[in-house]
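Fold and contact review
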Amino acid sequence: AIARRMKSLFKKKDKHKASSPPSSPVLADDEDSTPKRQLLVIDSDSKEWHKYFKDRRLDDGSGIEVHKTRWENMIVMAEGTKRPMVNMKPNLSPLPGTKEGQYRQVQPDFALVRKLVRGLTPDEDYTNTLYGLMFSNVPAVNSFESVHQGLERPVVYAALQQISRRVGHEHFPLIPMTYYSHQTAMMFTPEYPLVVKVGYAEAGYGKVKFDRPDDLKDFRGVLALHKDYVTAEPYIKDKEYDIRVQKIGDHIRVYKRTSENWKGNVGTSHIEELPVTPEFQLWATECGKLFGGMDILTVDAVHCKGRNHILEINDTASGFYGPNEDEDMKHVVDLVVQRMNKTLTDQT
C-alpha cells in the first residue's frame, strides 16, 4: 500500500515523462536465490555500479543487490529504529539490464554516496532526503554524518584549521580565509587580488576574482540581493599548477593539473600523475579523520614558487580522472565491501 501511494506521489511531482523501462532482462544476480544485502547507490545515471558489484560476496556469503538512483529521484520514510523505506522513481536514462527504468522501493542495508546533496538552486536541495537516511542510521561510504558536515564551506574550513594547528602550517599549508555572514560585513578584505566565493557553490561556480577594491564594491551590490554568506581568500598570482590528492580508503593518487584558466577546473587542462610524497600522504590521512572519518575525498591545492597552498577538500562525490576511473571504481567497490563486512556481518 505504501508503494502504491508513493508511486502516485511521484507521478504528481513529475514534470516530464521518464524513459520507458528497459526491455532487456535484469542482471542475473537479481534472479538467483542467493540472499542479498541491499546497497543504495546515489550517483549519476551513467555509472555502471551494477557490473562492479555483481559477483561480490560478503563474509557471510550474501550477495549485494545494487539500487542506483539520484537524490532528486528519492522519497524517504523513516520510522524509529527500522531501516528506512526509500522510494525511487525511474531514472531518466536507465542502464540496460537493470530495473532503473521502473518505480522501485528498497530498505537499504548500506549506501554509497557519489553525488552532491545540493545543486546551485534552492529547488536542487535534497537535504531532507539526507536527513531521512541519517535518521535511520544507515551506514554509508562516506558516512551520512560526514556528508552533512561537509555541506558548508565555513564548517569544512574550521576543521581544516584544526589540522593545520595540530600538525603545523609547514606540514599542512592551509590558505588564509576570511568569512562574512552578510555582504554588509565586507568592510575589510584581504590584500588584492583576492578570490570571493559565495555560499556553498562548488565546481567553479559562485567564485569570482577581484583585482581592485572598486570591482568588489560593485559586486557587493549584487550580493545584497541574496542572503548567502561569503568567503574571501588571497589569489595566488604566480600559480604554476594545481594539485589534487585523491583518497579512496588506503589508496592514494596525486594529480598535477595545468590550465590557462585561473579556475583550474574550468576549460581545457593537462593532467598528469605525481608521486605520493610523505607530504601528500599526510594531507590525505589527516583529512580522512575529519567528521568521524572520510573514506573518499580529494584535497585541492596550488603550487607556487616551490611552495604548496591547500585550498579546500571535497568529499565523497569527488569525480575520478577518466583514464583511471575504472580502476578507481574497483577501489571503491573493495572499500564498500570491506565496510559492509565490518558493519553488517560482524553483527550477525
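Before reading on, note that the structure itself is shown above.
In this report, the structure presented in the accompanying data block is examined. Not measured: the values here are computed from a predicted model. (Residues numbered from 1 in each chain as written. Predicted model: local features only at pLDDT ≥ 70, side-chain atom pairs only at ≥ 80, totals over all residues. Heavy atoms only, no water.)

Notes on the packing of aromatic side chains
Basically, it comes down to this: Stacked, tilted and edge-to-face are the three classes applied to pairs of Phe, Tyr and Trp rings, where Trp contributes its six-membered ring and a pair requires centres within 6.5 Å; stacked means planes under 30 degrees apart, edge-to-face means over 60, and tilted covers the rest. Runs of E in the DSSP output that reach at least two residues are strands. Runs of H or I that reach at least four are helices, and both are numbered from the N terminus. Any residue under 20% of the maximum accessible area for its type is buried, any over 50% is exposed, and the rest in between are partly exposed; the area is computed with a 1.4 Å probe on protein chains only. Only Lys NZ and Arg CZ are tested; either one counts as a charge over a ring when it is within 6 Å of the ring centre and within 35 degrees of the ring normal.
Taken as a whole and judged by the stated rule, the model has six aromatic pairs. Pairing tyrosine 179 with tyrosine 229 gives two aromatic rings, centres 5.7 Å apart and planes at 40°, and the pair type is tilted. Placement of the pair is tyrosine 179 in strand 8 (residues 178-180) and tyrosine 229 in the loop between helix 6 (213-223) and strand 11 (230-234), with a sequence separation of 50 residues. Of the residues examined, tyrosine 179 reaches a relative accessible area of 44% and is grouped as partly exposed. Grouped by ring-pair contacts, the aromatic residues Trp49, Tyr52 and Phe53 constitute a single cluster. Above the plane of the ring of phenylalanine 320 lies arginine 114, whose end atom (NZ or CZ) is 4.1 Å from the centre. If you follow lysine 209 out to its NZ or CZ, it ends over the ring of tyrosine 235, 5.0 Å from the centre.

Notes on the sheet that holds strand 3 (residues 74-77)
What counts is decided by this rule: Two strands qualify as a pair provided that DSSP identifies no fewer than 2 bridges between them. For helices, the fitted line uses only the C-alpha atoms of the stretch in contact; every axis is such a line through C-alpha atoms, and the angle between N-to-C directions lies from 0 to 180 degrees.
With antiparallel pairing, the three strands of this open sheet are ordered in space as 3-4-5. Looking along the sheet, the strands with just one partner apiece sit at the ends: strand 3 and strand 5 (104-106). In this sheet, neighbouring strand axes are inclined to one another by 20° on average, regardless of whether the strands run parallel or antiparallel. Note: strand 3 against strand 4 (residues 85-88), four bridges, orientation antiparallel. Among the inter-strand pairings, methionine 74 is bridged to a residue of strand 4, identified as methionine 88.

Notes on unusual backbone geometry
Here valine 141 and asparagine 142 are connected by a cis peptide whose omega angle stands at -20°. Turning to its location among the elements, asparagine 142 is positioned in the loop between strand 7 (140-141) and helix 4 (144-149). Following tyrosine 192, the chain continues into proline 193 via a peptide bond in cis, with omega recorded as 0°. Examined against the element boundaries, proline 193 turns out to sit in the loop between strand 8 and strand 9 (194-198). A positive phi angle is found at phenylalanine 291, which is not glycine, with a value near 55°. Here phenylalanine 291 shows up in the loop between helix 7 (278-287) and strand 15 (296-304). One non-glycine residue, lysine 305, lies in positive phi territory at about 50°.

Re the side chain of glutamate 286
Stated precisely, the cut-off is as follows: Here a residue-residue contact requires only that any non-hydrogen atoms of the pair lie within 4.5 Å.
Tracing the chain through its elements places glutamate 286 in helix 7. Other than its neighbours up to four places away in sequence, glutamate 286 contacts Ile163, Arg166 and Val167.

What about the pairing of strand 1 (residues 36-42)?
Across the seven residues that make up strand 1, a large majority, seven, are buried. The side-chain alternation of strand 1 yields two buried faces, one formed by Lys36, Gln38, Leu40 and Ile42 and the other by Arg37, Leu39 and Val41. Of the pairings in the sheet, the one linking strand 1 to strand 2 (residues 63-69) comprises seven bridges and is parallel in character. Bridge assignment links arginine 37 to a residue of strand 2, and that residue is isoleucine 64.

Description of the sheet that holds strand 14 (residues 269-274)
Spatial ordering of the open sheet is given by 14-13-12-15-16, a layout of five strands whose pairing is antiparallel. The open sheet has two free edges, formed respectively by strand 14 and strand 16 (307-314), since each of these has just one partner strand. The average angle at which neighbouring strand axes cross in this sheet is 25°, direction not considered. As paired strands, strand 12 (residues 241-248) and strand 13 (residues 251-259) are joined by seven bridges and run antiparallel to one another. Residue lysine 247 lies in a different strand from strand 13, and its bridge partner there is isoleucine 252.

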